[in-house]
Amino acid sequence: GQPKGAMNEHRAVVNRLLWMQDAYPLSAGAQSDRILQKTPFSFDVSVWEFFWPLMTGAQIIIAKPQGHQDPAYLQQIIETQHITTLHFVPSMLQVFLDQLAVSATTSATTSGTMSGTATPGKACPSLRHIVCSGEELPLALQDRCLKALPHAGLHNLYGPTEAAIDVTYWECRLDAEQSRVPIGYPIANIRMLILDGQGQPVPIGVAGEIHIGGIGVARGYLNRPELTAERFIPDPYSPDPAARLYKTGDLGRWRADGAIEYLGRN
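Chemist: How should the environment of Ala63 be read in this particular structure?
Modeler: Here Ala63 is to be found in the loop between strand E2 (59-62) and helix H3 (71-80). Since its relative accessible area comes to 12%, Ala63 is described here as buried. Aside from chain neighbours lying at most four places away, what touches Ala63 is Leu36, Gln37, Lys38, Tyr73 and Ile77.

Put into structure tokens, the structure is as follows:
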């Protein structure tokens with residue numbers, strides 16, 4: 001399709017960064033956190049990779065060009081530079097975990113054992129936070145990551161560029177009763193609505209289209225007034241007459257605990 005630019009506002013990005021520091025505080029000083037900056041700057045995730053550590057006094061380790069596509073290189077830089085926090089889209093997380101398994105098998109062969117599997121907690125011991133977004137996080141991949149890297153928290157975030165990067169969050173955990181990984185709860189100053197075809201809220205457990213309101217909603221698309229009018233609609237549930245909702249085109253449903261489950265595109 002035709003590329004489109006989302007006109008995000010400064011306050012929306014600041015809100016997103018302040019929420020992230022409140023949720024997953026980075027440390028500064030001699031023992032500061034070390035964030036791996038590997039997302040190309042044309043993608044929205046790069047915004048927090050750059051500005052979150054800069055505003056908190058943590059450290060940025062910048063990956064080499066195309067390094068984000070090389071799982072062996074990523075393992076090496078995480079372990080040699082003692083990276084504590086980084087981002088993966090789920091498909092790349094899968095490839096990265098494959099690399100850890102290969103690395104463990106090679107190490108086991110060299111040492112004279114043939115376990116063939118990564119020893120939990122041995123790979124990338126510095127990692128504290130793994131942030132996933134950009135794609136649906138499969139349940140099997142979540143479980144694999146939590147078992148392979150039990151010392152690192154896995155965080156499933158959801159959000160379109162049209163709402164300042166991320167709007168919901170979920171702390172991943174092993175749960176035998178869970179059938180899918182939720183996208184979770186709204187971040188600070190964001191309102192999530194799930195509406196039917198008539199724009200009415202759906203009950204718990206019923207699928208509808210995910211709409212986003214609050215401070216994160218962008219002004220619209222640059223030089224695309226018709227598309228802006230189609231996707232950025234008046235918010236009838238806000239007391240502010242100028243408030244708007246962003247129609248994501250994504251399907252979701254509420255869980256009884258107030259978390260949202262992502263169900264795909266409409």
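Chemist: Explain the layout of surface pockets here, please?
Modeler: One simple way to see leftover space: roll a probe sized like a water molecule over the atoms. The space that makes up the largest pocket amounts to roughly 980 Å³. At the level of secondary structure, the elements contributing two or more residues to the lining of the largest pocket comprise strand E5 (153-158), strand E11 (244-254) and strand E12 (260-265). Tallied by class, residues from the lining of the largest pocket come to 16 nonpolar, twelve polar and ten charged. Together, 14 residues line the second largest pocket, and Arg11, Gly214, Asp240, Ala243 and Arg244 are the ones closest to its centre. Class assignment of the residues belonging to the lining of the second largest pocket gives a composition of five nonpolar, two polar and seven charged.

Chemist: Sorry, what's going on with the packing of helix H1 (residues 10-23) against helix H2 (residues 45-56) here?
Modeler: For the pair H1 and H2, the least separation of the axes is 10 Å and the interaxial angle reads 65°. The hand of the H1/H2 crossing is right-handed. Note on element contacts: H2 touches H1 through Val47, Trp48, Phe51, Trp52, Met55 and Thr56, opposite Val13, Arg16, Leu17, Leu18, Met20 and Gln21.

Chemist: Before we go on, may I ask you to explain H3 in this structure?
Modeler: Helical periodicity: at 3.6 residues per turn, an α-helix aligns residues three or four positions apart in one direction. Restricting attention to buried positions, one finds in H3 the residues Pro71, Tyr73, Leu74, Gln75, Ile77 and Ile78. Taking the backbone nitrogen of Ala72 as reference, a side-chain oxygen 3.2 Å away marks Asp70 as the first, capping residue of H3. At the C-terminal side of H3, His82 shows a positive phi close to 55°.

Chemist: How do you make sense of the pattern of salt bridges when you look at a structure like this?
Modeler: Note on pairing: side chains with opposite charge can pair once their charged atoms come close. This model, assessed by the stated rule, comprises twelve salt bridges. Between Arg128 and Asp33 there is a salt bridge, and its shortest N-O distance comes to 2.9 Å. Of this pair, Arg128 sits in the loop between helix H4 (90-111) and strand E4 (129-132) while Asp33 sits in the loop between H1 and strand E1 (34-37), placing them 95 residues apart in sequence. Linked through salt bridges whose partners overlap, the residues forming this network are Glu136, Arg180, Arg253 and Glu261.

Chemist: Looking at this structure, how should I read the environment of Tyr262?
Modeler: Position of Tyr262 among the secondary structure elements: in strand E12. Once the C-alpha coordinates of Tyr262 and Ile77 are considered, the two residues, 185 residues apart in sequence, prove to be 33 Å apart. Not counting residues up to four positions away in its chain, the partners in contact with Tyr262 are Glu136, Tyr158, Arg180, Ile183, Asp250 and Leu251.

Chemist: Help me understand unusual backbone geometry in this model?
Modeler: Working note: non-glycine residues mostly have negative phi, and peptide bonds are mostly trans. A positive phi angle is found at Cys124, which is not glycine, with a value near 45°. Counting through the fold element by element, Cys124 comes out in the loop between H4 and E4. Exposure remark for Cys124: the relative accessible area of 0% places this residue in the buried category. Of note in this structure, Asn223 is not a glycine but carries a positive phi near 60°.

Conventions and cut-offs
Residues numbered from 1 in each chain as written. Predicted model: local features only at pLDDT ≥ 70, side-chain atom pairs only at ≥ 80, totals over all residues. Heavy atoms only, no water. Helix = DSSP H or I, 4+ residues; strand = E, 2+ residues; numbered from the N terminus. Buried < 20%, exposed > 50% of the residue type's maximum accessible area, 1.4 Å probe, protein only. Contact = heavy atoms within 4.5 Å. 1 Å grid on protein atoms, 1.4 Å probe; cavity = no way out; pocket = protein on both sides within 12 Å on 5 of 7 lines; lining within 4 Å. Points joined across faces, edges and corners; volume = space filled by probe spheres on them. Nonpolar A, V, L, I, M, F, W, Y, C, P; charged D, E, K, R; others polar. Axes fitted to C-alpha atoms, helices over the stretch in contact; angles between N-to-C directions. Left-handed = near helix turned anticlockwise from the far one by under 90°. Polar contact = N/O pair within 3.5 Å; in protein donor to acceptor, adjacent residues only side chain to side chain. Salt bridge = Lys/Arg side-chain N within 4 Å of Asp/Glu carboxyl O.

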